Amino acid sequence: GLMRDGTDALVVMLKFHPICYVHVFLLGMLLAQFRVLMAELLSDVEDLWVVSVSLDLLAPVGYLGLLLVFNWPMVSPPFAKLSARIFALLPLQACVVLGLAGLESFPAPRLASLFSSFNFLESYSYCVYVMQFICMTLWFGEDFDISFFMFLVATATFVQLLVQTPSDKLWKLSPTQASWIVPTVMSLLLVLISTWRWRGGQDHVLPDLIQGDGFLDIHLPLRMSAEDWGTTGGGAFINPSAALVDDSRLILAARLHRRSYRKSTFENGTLLEEIWFSQIFLGSLSFNWEDWQALNASGAIPDGQITMRPWDGLRMADSKPWTYPNMCYRERWLPENKTMLRFVVTGPEDPKVFPLTTAASCSNSRTDCWSLREPTDWCARSQSHCETQCNSRWCSDKEVQLAFNSYSPKEGKSCDRRDVSQMFLASGVNVRHPEHVIQGRHLRCGQLDHNEKNWIPFQREGKTYVVYSLIPHVVRELADTGSCGQQWRSIFPKLEEMQSRLLEMAIRGSAQAVYVNAPNATPHLPRPHYLALFHAADLKVRRYAHYAYRFSPKPPFQILQVSNALPLEVLPPMPGAPAFAFASGLVVHDQQVILTYAAGDREPRALLMSLRRLDDFF
């Protein structure tokens, strides 16, 4: 369904060209002649009971066969083949047509007689068929529900009255003129509609500042240098994450994203590649007291922009750069038309940044900050002791941890059953020097042959934890090696009730969790707790609803409260696609909340409000 190149446009034009419907035309002519010949052949037969019953059964048998073909895989032919349409679908369609039309000079079949009062819809049915794809393109709703079908019927009625009926009259009066006037006018009209719809979609952007009921929604002005733009090929910054270090510096991480498509041929067939360019960028902002006041009052960002730099220092376990072709990819072979579908993501995705430690300390490692020594350790006395005497890395409280998901690194292994997204963590990332080499460790807490993402990382008493799932609420402590240590599991009945009401939605984590202890600002929960986000996702139409929730700061980390849906702005990722937003970051500073998110995989934004205003959602 994607227009990737000129070949796709040619295929669409050919698909709707009359030459592709020659077999349908021939079938219609053969059925018409068959009706006449059968009527003549049976004109002298006295007992026509068998013929009448056969005609009565033709349409129901045809409809039943079509239902089976489209709903039962055991009898479904490979529909990519034209032969399947001719040998499987056309005979069933012929049964339906003949079973409704009957034979000339014979009584109408029972099914046709039963629904004869709807014969007036005949002139509208073709308009519905032609307009369905145009209406799907023009439709601004997220779901193709009853309102869409009402829109389709209304549009088809409009076309029937203003296009089809006048065209029929013009054809009867002057076939020659009708053969070129009507197609020309309709082609120009469709081009104008297509141009208007495309421009409308591209111009659909959000204001830099939106004032709501007790909150601000602002555009995050993430920028990169011209050199980085040229090196990476550009794209959109999406799914921004934020963390606060030493109360004055805001750390940001975002994913640079764009899509492309590539078609090529190889010895055994055709290769179609869908490529998601993905790379994590890092940046930071220093805030003084006046800057925080300006941000909360008017959404003003110091210097008016946030400079982002590519995280070039990220490495795999084998020291290779974290980029394709060093990563696995997903493939699916379609034998019916000898096509290989390949899905490639070129780098890490969806960063979640959170503080490393509350005080500088010495690591047990030379390369990262996964395991910090106790403050009483001799090596932790000073940076000099740590680096020169203990040959270890000194980990600053200005450094951060960064969790992300990614397709598995190859690392010299087969990608069989490893072509899935997994979670990784880099500990001790220096945002001011993103070129410094640091290893991303695989978090082996989940299923290694299934997609793992949307975990919620947080820190407690110098240790790192992740919320693995929401239902049940599973929290796991991370060990130094990337494996999981102790696990806690709890149930929150209200969240289970929500899932029972939203059976088609998947409830998953978002962003990182932050510790909150502000009883005066959280009257609905006036005690210490962790604040986190989750989303309910309907992946069929890519629709998300976002919520905040609070959980206990002590094991088993029981969920305490769940909020109402949060008011995030949405955008369509492309013209005609459903609009959505995706929450990805959370910061609390001086009883003010910054919730970062992406609107439609196109625009990085932030929702700003006080803790007291957020408390109103609970």
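The following refers to the structure shown. Throughout, a residue's number is its position along its own chain's written sequence, starting from 1. Totals for whole chains, interfaces and linings use every residue, but because this is a predicted model, local features are given only for residues with pLDDT of at least 70 and side-chain atom pairs only at 80 or more, for both listing and counting. Remark: hydrogens and water are excluded; side-chain values derive from all non-hydrogen atoms of the structure.

1. A short note on the nonpolar core
Here the nonpolar core consists of buried residues drawn from Ala, Val, Leu, Ile, Met, Phe, Trp, Tyr and Cys, with membership extended through side-chain atoms lying within 4.5 Å. Relative accessibility thresholds used throughout: buried, under 20% of the residue-type maximum; exposed, over 50%; partly exposed, between the two (1.4 Å probe, protein chains only). Counting residues in each nonpolar core, the largest one holds 26 residues, and the members touching the most others are Leu531, Leu533, Leu595, Tyr597 and Leu614. Listing elements by their share of this core, those giving two or more residues are β23 (506-516), β24 (529-538), β27 (581-589), β28 (592-599), β29 (603-610) and α13 (611-615). Broken down by element, the residue count for this core peaks at four residues, all from β28. For this analysis, residues touch if any pair of their heavy atoms sits within 4.5 Å. Excluding residues within four positions of it along the chain, Leu595 makes contact with Leu533, Leu566, Leu568, Ala583, Gly585, Arg605, Ala606 and Leu607. If you look at the next biggest cluster of nonpolar residues, it comprises 25 residues, including Leu220, Leu222, Leu244 and Ala606. Comment: elements are numbered from the N terminus, with helices defined as DSSP H or I runs of at least four residues and strands as E runs of at least two.

2. Some points on the packing of aromatic side chains
The description of an aromatic ring pair uses the distance of the two centres, along with the angle that the planes make with each other. When the centres of two rings from Phe, Tyr and Trp lie within 6.5 Å, Trp using its six-membered ring, the rings pair. Their planes under 30 degrees apart give stacked, over 60 give edge-to-face, and anything left gives tilted. Taken as a whole and judged by the stated rule, the model has 29 aromatic pairs. Counting every residue linked through ring pairs, the aromatic cluster contains Phe458, Tyr465, Trp488, Tyr515, Tyr530, Phe534, Tyr547, Tyr549, Phe551 and Phe557. Across the ring face of Tyr468, the terminal group of Arg476 is positioned such that the distance to the ring centre comes to 4.4 Å. Note on geometry: a ring has a charge over it if NZ (lysine) or CZ (arginine) is within 6 Å of the ring centre and within 35 degrees of the ring normal. Note that Arg550 overlies the ring of Phe618, its terminal NZ or CZ placed 3.9 Å from the centroid.

3. Some points on unusual backbone geometry
A cis amide bond, omega 15°, links Tyr324 with the succeeding residue Pro325. Within the element layout of this structure, Pro325 appears in the loop between β9 (314-315) and β10 (330-334). Backbone torsion omega between Ile471 and Pro472 reads -10°, so that peptide bond is classified as cis. Even without being glycine, Lys338 reaches a positive phi, approximately 50°. Residue classification places Lys338 among the exposed residues on the basis of a relative accessible area of 52%. Its identity is not glycine, yet Glu411 carries a phi of approximately 50°, on the positive side. Tracing the backbone shows Glu411 in the loop between β15 (400-407) and β16 (421-429).

These values are about where atoms sit, not about what they do.
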